[in-house]
Amino acid sequence: MTNSKSNSIGVGMLGYSFMGKAHANALNALRHLDRNTPLIPELITICGRDESALEVARLQYGFQDKVIDWRDLINDERIRVFDNTGPNSVHAEPTIAAANRGMHVFCEKPLGMNSVDSYDMWKAAEEASVIHMTAFNYRFFPAIRLARQMIENGDLGTIYHFRSNFLDASAVDPNQSKTSWRFQSGQAGSGALGDLGAHHIDVARYLVGEPASVSSITRTFVPERSGFQVDVDDAFEAIVEFEGGAIGTFEASRVAAGYINESRIQIDGSKASISFDVQNLNHLRIGEFGKGFRDVLVTSTDHPFSNYWYPPGHPLGWDASFTHEFDHFFRAIAGEHTVAPYGATFEDG
């Protein structure tokens, strides 16, 4: 699997919708960053089921070719990286096949439909000795990486509590559910838990540590949508105890009227607290005893990922996290570092 340019690496992508757009935009942005990038992605082939929509995506994203069958993609000798942005039901089989072909593999979350699928994906990638990464892009928000640095430096002291909520109204109206696969366990695996909550679960592991015990509840409030039966959760709540002694609370809902992808994370420690809101993602709020909270704009030259983009004070968007993520992935392929601990491996997934 070779490319004509010594520092280029061929990429094949499965999927072209929401996450396909995010990944393609990031891959294209990575080609133009003012950085010493060891590997430049070459967009070879995009794969999807709807040929007409696929051709539109191919032209929009800049891929050279398109295929309907993912098997044709992973058998393409030009491709060294397989990027899976498809529905959850097509995460495991194509990704395992790509790893077995010796391709480095990058897959959207949730990694598999269940723990068995996810374990099989991790095992296949490990046995094939390929670089593997789960697309938990929250790790690559500058504010979340800064929070990790602060915790590593001891700035928060002993961690006492993690709390998060991810609230959205996308499923409030049962007649306005456009993507039915997200409400079917056979295609999605889970509902709000895997779709929304997975981000916060990963951030909790990334910042606080591994969970020791969990008590949780899921609920399907709307059992039928647009003529099909729903068999995944609309919402979940969980209480967690971490191995380090901290406790945590999680909630996620797709039936929270009035909310639009409202994602908040808070951590309390013996010295300080931090608070992060995805809809205000260029800021990290830091609270100290007797001083209250101060707001830090995470765009200064000493902040994470600031050297990727623009002079201090220029805010970044949600999509920049995918560019940071892919840069990390390609540098791991080039041997500059490992995916862990700052990126999420398939083991994390």
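Each value, and the rule that gives it
- Residues numbered from 1 in each chain as written.
- Predicted model: local features only at pLDDT ≥ 70, side-chain atom pairs only at ≥ 80, totals over all residues.
- Heavy atoms only, no water.
- Helix = DSSP H or I, 4+ residues; strand = E, 2+ residues; numbered from the N terminus.
- Rg over C-alpha atoms; globule rule 2.2 N^0.38 Å.
- Buried < 20%, exposed > 50% of the residue type's maximum accessible area, 1.4 Å probe, protein only.
- Contact = heavy atoms within 4.5 Å.
- Areas by Shrake-Rupley, 256 points an atom, 1.4 Å probe, with all protein chains shown as cover.
- Axes fitted to C-alpha atoms, helices over the stretch in contact; angles between N-to-C directions.
- Left-handed = near helix turned anticlockwise from the far one by under 90°.
- Nonpolar A, V, L, I, M, F, W, Y, C, P; charged D, E, K, R; others polar.
- Phe/Tyr/Trp six-rings, centres within 6.5 Å; stacked < 30°, edge-to-face > 60°.
- Lys NZ or Arg CZ within 6 Å of the ring centre and 35° of its normal.
- Pairing = 2+ DSSP bridges.
- 1 Å grid on protein atoms, 1.4 Å probe; cavity = no way out; pocket = protein on both sides within 12 Å on 5 of 7 lines; lining within 4 Å.
- Points joined across faces, edges and corners; volume = space filled by probe spheres on them.
- Core = buried A, V, L, I, M, F, W, Y, C linked by side-chain atoms within 4.5 Å.
- Salt bridge = Lys/Arg side-chain N within 4 Å of Asp/Glu carboxyl O.

S.K.: Got a sec to walk through the overall build of the chain? Specific residues and values, please.
M.R.: Looking only at helices and strands, the chain features nine helices and 16 strands. For a compact globule of 349 residues, the expected C-alpha radius of gyration is about 20 Å, and the chain comes in at 20 Å, within 12% of that figure. Taken over the C-alpha atoms alone, the chain extends approximately 60 × 50 × 35 Å along its principal axes. Across the 349 residues in the chain, those meeting the buried criterion constitute 51%. In the chain, the proportion of contacts linking residues at least 24 apart, taken out of those at least 6 apart, comes to 67%. A total of about 15,600 Å² of accessible surface is found on the chain, and carbon and sulfur atoms cover 49% of it.

S.K.: An account of the packing of helix α1 (residues 18-30) against helix α9 (residues 320-333) is requested, with residue identities and associated values reported.
M.R.: Close contact between α1 and α9 brings their axes to 8 Å; oriented N to C, the two are set at 65°. The crossing of α1 and α9 is right-handed. Residue-level inspection shows Met19, Ala22, His23, Ala26, Leu27, Ala29 and Leu30 of α1 in contact with α9, the latter providing Phe322, Thr323, Phe326, Asp327 and Phe330. For the contact of α1 with α9, the per-class residue count stands at nine nonpolar, two polar and one charged.

S.K.: Now, about the packing of aromatic side chains: what can you tell me, with residues and values included?
M.R.: Each aromatic ring pair is specified by the distance between its two centres and by the angle formed by the two planes. This model, assessed by the stated rule, comprises 15 aromatic pairs. Arranged with centres 5.9 Å apart and planes meeting at 40°, the rings of Trp309 and Tyr310 form a pair that is tilted. The exposure class assigned to Tyr310 is partly exposed, which follows from its relative accessible area of 48%. Feature note: the residues Phe106, Phe326, Phe329 and Phe330 constitute an aromatic cluster, connected by ring pairs. When the ring centre of Tyr308 is taken as reference, the NZ or CZ atom of Arg35 above it lies at 3.9 Å. Against the face of Phe183 rests Arg254, its NZ or CZ located 4.8 Å from the ring centre.

S.K.: Give a detailed account of the sheet that holds strand β14 (residues 272-277), specifying residues and quantitative values.
M.R.: Pairing is mixed in the open sheet, where eight strands are placed in the order β8-β11-β12-β7-β13-β14-β15-β16. The open sheet has two free edges, formed respectively by β8 (211-219) and β16 (292-297), since each of these has just one partner strand. The average angle at which neighbouring strand axes cross in this sheet is 15°, direction not considered. Taken together, the four bridges between β14 and strand β15 (residues 283-288) define a ladder with antiparallel strand orientation. Pairing of Ser275 across the sheet is with Arg285, part of β15.

S.K.: I'd love a proper account of the layout of surface pockets, names of residues and values included.
M.R.: Once rolled over the atoms, a probe with the size of a water molecule shows which space is left empty. Of the voids in this model, the second largest pocket is the one considered here, and its volume is about 430 Å³. Lining the second largest pocket are 19 residues, and of these Pro110, Gly194, Ala198, Ile201 and Gly349 sit closest to its centre. The set of elements that each furnish at least two residues to the lining of the second largest pocket consists of α5 (115-127) and α8 (192-207). When residues of the lining of the second largest pocket are assigned to their parent elements, the largest contribution, six residues, is made by α8. Taken together, the residues that form the lining of the second largest pocket break down as eight nonpolar, eight polar and three charged.

S.K.: Before we move on, can you summarise helix α6 (residues 142-152) with the specific residues and values?
M.R.: Of all 11 residues in α6, eight are buried; the element is thus mostly enclosed. Regarding α6, the residues found buried are Pro142, Ala143, Ile144, Arg145, Leu146, Ala147, Arg148 and Met150. Where α6 is buried, its residues contact α8, β14, β15 and α9. Taken from the residues just after α6, Gly154 is the one with a positive phi, measuring 85°.

S.K.: Could you give an account of the nonpolar core, naming the residues involved and the relevant values?
M.R.: General note: in soluble globular proteins, nonpolar side chains tend to be found buried as a group. Counting residues in each nonpolar core, the largest one holds 34 residues, and the members touching the most others are Phe162, Phe250, Ile274, Phe276 and Leu284. Mapped onto this core, the elements with two or more residues apiece are α6, β7 (159-167), α8, β11 (235-242), β12 (247-253), β13 (262-269), β14 and β15. Leaving out residues up to four positions away in the same chain, Leu284 has contacts with Ala143, Leu146, Ala147, Met150, Ile274, Ser275, Phe276, Arg294, Asp295, Val296 and Val298. Formed by 31 residues, the second largest nonpolar core is a distinct cluster that contains Leu30, Ile46, Val81 and Phe326.

S.K.: So what's going on with the pattern of salt bridges? Residues and values would help.
M.R.: Enumeration according to the criterion identifies 24 salt bridges in this entry. Note that Asp76 and Arg78 form a salt bridge whose closest N and O atoms lie 2.7 Å from each other. Taken together, the shared-partner salt bridges connect Arg139, Asp202, Arg205, Glu210 and Asp348 into one network.

S.K.: Describe unusual backbone geometry, and please don't skip the residues or the numbers.
M.R.: Here the amide bond leading from Lys109 into Pro110 is cis, since omega sits at -10°, within 30 degrees of zero. Along the chain, the position of Pro110 falls in the loop between β5 (104-107) and α5. Of note, the bond from Ala340 into Pro341 is cis; its omega dihedral lies within 30 degrees of zero at 5°. With respect to the element layout, Pro341 can be found in the segment after α9. Although it is not a glycine, Ser226 sits at a positive phi angle of roughly 50°.

All we've got here are geometric facts, nothing functional implied.
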